[in-house]
Amino acid sequence: MLKLYNTLSRKKEAFGPLKGKKVNLFVCGVTPYDFTHIGHARTYIIFDMMVKYLKQKNYNVFYLQNITDIDDKIIKRAKEKRISWINLSRKFEKEYLKDMKALKVNSVTKYARATEHIKDIIIQIKRLLKKGYAYQIEDGIYYDISRFKDYGRLSRRTALAAEDAVSRIDESKQKKNKGDFCLWKFAKPGEPSWPSPWRIGRPGWHIEDTAIAEKFFGPRYDIHGGGRDLTFPHHEAEIAQMEAASGKKPLVKYWLHTGFLTVEGKKMAKSLGNFITIKDFLKKHSARLLRFIVLKNHYRSPLDYTENAIFQAEKELQRIDEFIGQIRNSIRQPADKIQNKPQISISKFQKEFNTAMEDDFNTPKALAVIFRLIRSGKTTEESLSFLEETDEFFHFIFSKKTKPKIPKDILILVELREKYRQRKNWLKSDEIRKEIIDLGYWVEDTEEETKIKKIK
Ligand SMILES: [Zn+2]
């Protein structure tokens, strides 16, 4: 049974979605004003792995991510670069999606831009004003944190401590409480703006998440993920907004937060010159290596990115490659030779692997099991299938070189079938499909492509 560490309760809890096998997951997306860095990569690789794992366990996952395509940082950077905010924002959104594709992060069901949900945002703010949780002052509409008694429950901070200066808290002398945050910012001359029942302006950062999540999931959903640094004030604000507006709680059943990433023991910062973008990384190393470095650490632990860690990881990947090479050699041997070898089942390893994964996605432990399997020398087809299965969510076990190859005659049949499909000759295409299955391969048509898999 899968257990997840819930930031809200500070405990590992048995995982059970609100409704059957349906899992609604929201992860905070990017503010596209610059290239994404390896800290972003860490968070998104982790949730990609989790979603693919859940899908393998037959959960029906809807993975929603917002894109903060309007924000103070975007406006400021666009001004510096003398380009429009929308050009800047769309450019870096495109770069972000390219980076994700390179890292095989492709499990997001929907990317939702804030500016495409202005209507939903306005509806939520209206509800908060009506219920007395929000108020208007000279520069915008603000949320009154003193009205929400649970404020601070997730981050375990009191409203008073919340008065400490924190990043992205909006400053205004007219605010009722120092920790109050902006829901709708009135536009200054020349700033991008949208019409509203109050004055033209733009949404605050926190409100877009709850407006978008409610649009797709309703007022409550299963999992909310993000970097640990977002717990306060961002996620606290989300709870305050949605629970106050809907009167239902909790907003989210499981809050999952990823640990910090440091570079050679230091926080990554442009000023320190240790800022590593995903693009920089991929110039020198493979995407496979980054996925491996991320997943060989537990998602909640701090991850220190060092030259030595890269060196170690490269060596370990080599070991995996060697093992797969050995398996391929071994299963190519004539049958009588194989019969002489003791064929011990690998179910013990599979069981231990699953136990580790079900324990709050303990990937370092799960990987230790894989390395034990490697050391055991069980170079059997069973081991290969097991590794193939894990690679559906890990994406670092097989390299381009060791990826299972589909035989040429199968590929020819798949191509032929595709031709008949295009001509809508279903009878003929089904016939060929059966032929492919008889030869031991499985064909599956998705929206983008036809997938071919060896039948186990
Ligand atoms: Zn967010």
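Attention in this report is confined to the structure presented alongside it. Everything numeric in this text was worked out from a predicted model, so none of it was measured.

**Details of unusual backbone geometry**
Next, step 1: Cis geometry is found at the peptide bond from phenylalanine 232 to proline 233, where omega equals 0°.
Next, step 2: Tracing the chain through its elements places proline 233 in helix H6 (residues 231–246).
Next, step 3: Residue proline 250 follows lysine 249 across a cis peptide bond; omega there is -5°.
Next, step 4: Here proline 250 lies in the loop between H6 and strand E11 (252–258).
Next, step 5: Here asparagine 58, not a glycine, exhibits a phi torsion of approximately 70°, which is positive.

**A word on the layout of surface pockets**
Next, step 1: Looking at the second largest pocket, its volume works out to about 1300 Å³.
Next, step 2: Elements represented by at least two residues in the lining of the second largest pocket include exactly helix H1 (38–56), helix H2 (72–81), helix H5 (205–217), strand E10 (221–227), H6 and strand E12 (261–263).
Next, step 3: By residue number, the principal contributor to the lining of the second largest pocket is H1, which donates five residues.
Next, step 4: A class-by-class count of the residues in the lining of the second largest pocket yields 16 nonpolar, 16 polar and nine charged.

**So, the coordination of the zinc ion**
Tetrahedral coordination by four donors sets the ideal angle at the metal to 109.5 degrees; octahedral coordination by six donors sets it to 90 or 180 degrees.
Next, step 1: Every protein donor of the zinc ion is accounted for by Cys28 (SG), Asp209 (OD) and His234 (NE2), and the metal-donor separations fall at 2.0 to 2.2 Å.
Next, step 2: Along the chain, the residues that donate to the zinc ion are spaced as C-x180-D-x24-H. Note that cysteine 28 is positioned in the loop between strand E3 (22–27) and H1 and histidine 234 in helix H6, a separation of 206 residues in sequence.
Next, step 3: Take histidine 234: its relative accessible area is 1%, and that puts it in the buried class.

**Focus: the state of the cysteines**
Next, step 1: What the rule picks out here adds up to zero disulfides.
Next, step 2: There is no disulfide at cysteine 182, and the cysteine sulfur nearest it, in cysteine 28, is 18 Å away.
Next, step 3: A relative accessible area of 2% means that cysteine 182 is categorised as buried.

The rules we used
- Residues numbered from 1 in each chain as written.
- Predicted model: local features only at pLDDT ≥ 70, side-chain atom pairs only at ≥ 80, totals over all residues.
- Heavy atoms only, no water.
- Helix = DSSP H or I, 4+ residues; strand = E, 2+ residues; numbered from the N terminus.
- 1 Å grid on protein atoms, 1.4 Å probe; cavity = no way out; pocket = protein on both sides within 12 Å on 5 of 7 lines; lining within 4 Å.
- Points joined across faces, edges and corners; volume = space filled by probe spheres on them.
- Nonpolar A, V, L, I, M, F, W, Y, C, P; charged D, E, K, R; others polar.
- Donors = N, O, S within 2.8 Å, 3.2 Å for Na, K, Ca; no water.
- Buried < 20%, exposed > 50% of the residue type's maximum accessible area, 1.4 Å probe, protein only.
- Disulfide = S-S within 2.5 Å.

By themselves, these are just geometric observations and shouldn't be taken as functional.
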